[in-house]
Amino acid sequence: MKILFTFLFFLPAFLFAQDATLDPLPMQERYTFTTPVDQDVITDAALKASPHSDAKVLLMVPKGSIVHLTGRDNGFYRATYDNEVGFIHFAFIDGDYKTFKARKFAHDDYHKPVDYANESNSFQLYGKVNVESPLKAEPSFSARTIYAIPEGTMLKVTKHNATYWRTEIDGKVGYVGNSFIAATGKTPQAVERSLQPAVETSSDYSSYTTTRPSYRAKPSYRPKTQSRSSSSSSQYYIRGPRGGCYYLTASGRKQYVDRSMCD
């Protein structure tokens, strides 16, 4: 009986030691580093969207690559690689739980909330404003506007938080809201490509003819073979290179109609 009691007494400690050694449980710690740390990954590592083993993989970090560590969230490091922010499990950085547990990085208070949504970073991207945009002195809607950024301006931007980008234009440094940025990319060319209209495909035409048959019945949509008149409602239809039929609106945009309108 005494032996059984002794065994049951030490069983929890034994199981805990096994967990920490063989299948380590995450340490209940969430904090940001006072000074970011650059570290290489010891094998190909998954950069995940959240600090969970089943989280979405944002990208794979090749073995030997340098990652920028800004904090720790239980068993994961908060990491940056190739302008992407996510989480990497300690095994890809430290190799084993003992090393991970022994690492001491200067950090903020354990109890200070970690706000990833408002996390700043130093990513240098390009962004294009879609309308005339106010450059604010501070990242706040109520802050003073120090400059009016002209519509269509391409800017170098740095993500400041969930709603504002930091930028410099005409010698003025300030913040522009996310809603004013039409697109961002690593190069101006990448931004322009993302703003290009979708490429026309044959499926666009077929879906149009099956879902929009009512255009034939509208009096303003007249076949190209009809005689021209002085009426402003007359339309002239063009046969596209892939067989689609369209006319140009007053703003110069293509408006596709049933193919039979070009017959």
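Refer to the structure above for everything that follows.
The following refers to the structure shown. Once a new chain begins, its residue numbering starts again from 1 and follows that chain's sequence as written. Given that this is a predicted model, residues contribute local features only at a pLDDT of at least 70 and side-chain atom pairs are listed and counted only at 80 or more, while totals for whole chains, interfaces and linings are drawn from all residues. With hydrogens and water excluded, all non-hydrogen atoms of the structure serve as input to the side-chain values.

1. A short note on the overall build of the protein
Step number 1: Of the regular secondary structure elements, the protein holds four helices and 16 strands.
Step number 2: We call two residues in contact whenever any of their non-hydrogen atoms come within 4.5 Å of each other. Long-range pairs, those at least 24 residues apart, make up 54% of the contacts in the protein with a sequence separation of at least 6.
Step number 3: The accessible surface values rely on the Shrake-Rupley method and a 1.4 Å probe; as for residues, cover is taken only from the protein chains in view. A total accessible area of about 16500 Å² is found for the protein, and carbon and sulfur atoms account for 55% of it. For helices the rule is a DSSP run of H or I covering at least 4 residues; for strands it is a run of E covering at least 2, with both sets numbered from the N terminus onward.

2. Here we look at the pattern of salt bridges
Step number 1: When a carboxyl oxygen of Asp or Glu is within 4 Å of a side-chain nitrogen of Lys or Arg, the pair counts as a salt bridge. Taken as a whole and assessed by the stated rule, the structure comprises four salt bridges.
Step number 2: Across the salt bridge formed by D73 and R30, the nearest N and O atoms sit 2.9 Å from each other. With D73 in strand β4 (residues 66–73) and R30 in strand β1 (residues 30–40), this pair connects stretches of sequence that are 43 residues apart.
Step number 3: The salt bridge involving E192 is made with K128; its shortest N-O contact spans 3.1 Å. In this pair, E192 is assigned in helix α3 (residues 188–195) and K128 in strand β7 (residues 125–129), connecting sequence segments 64 residues apart.

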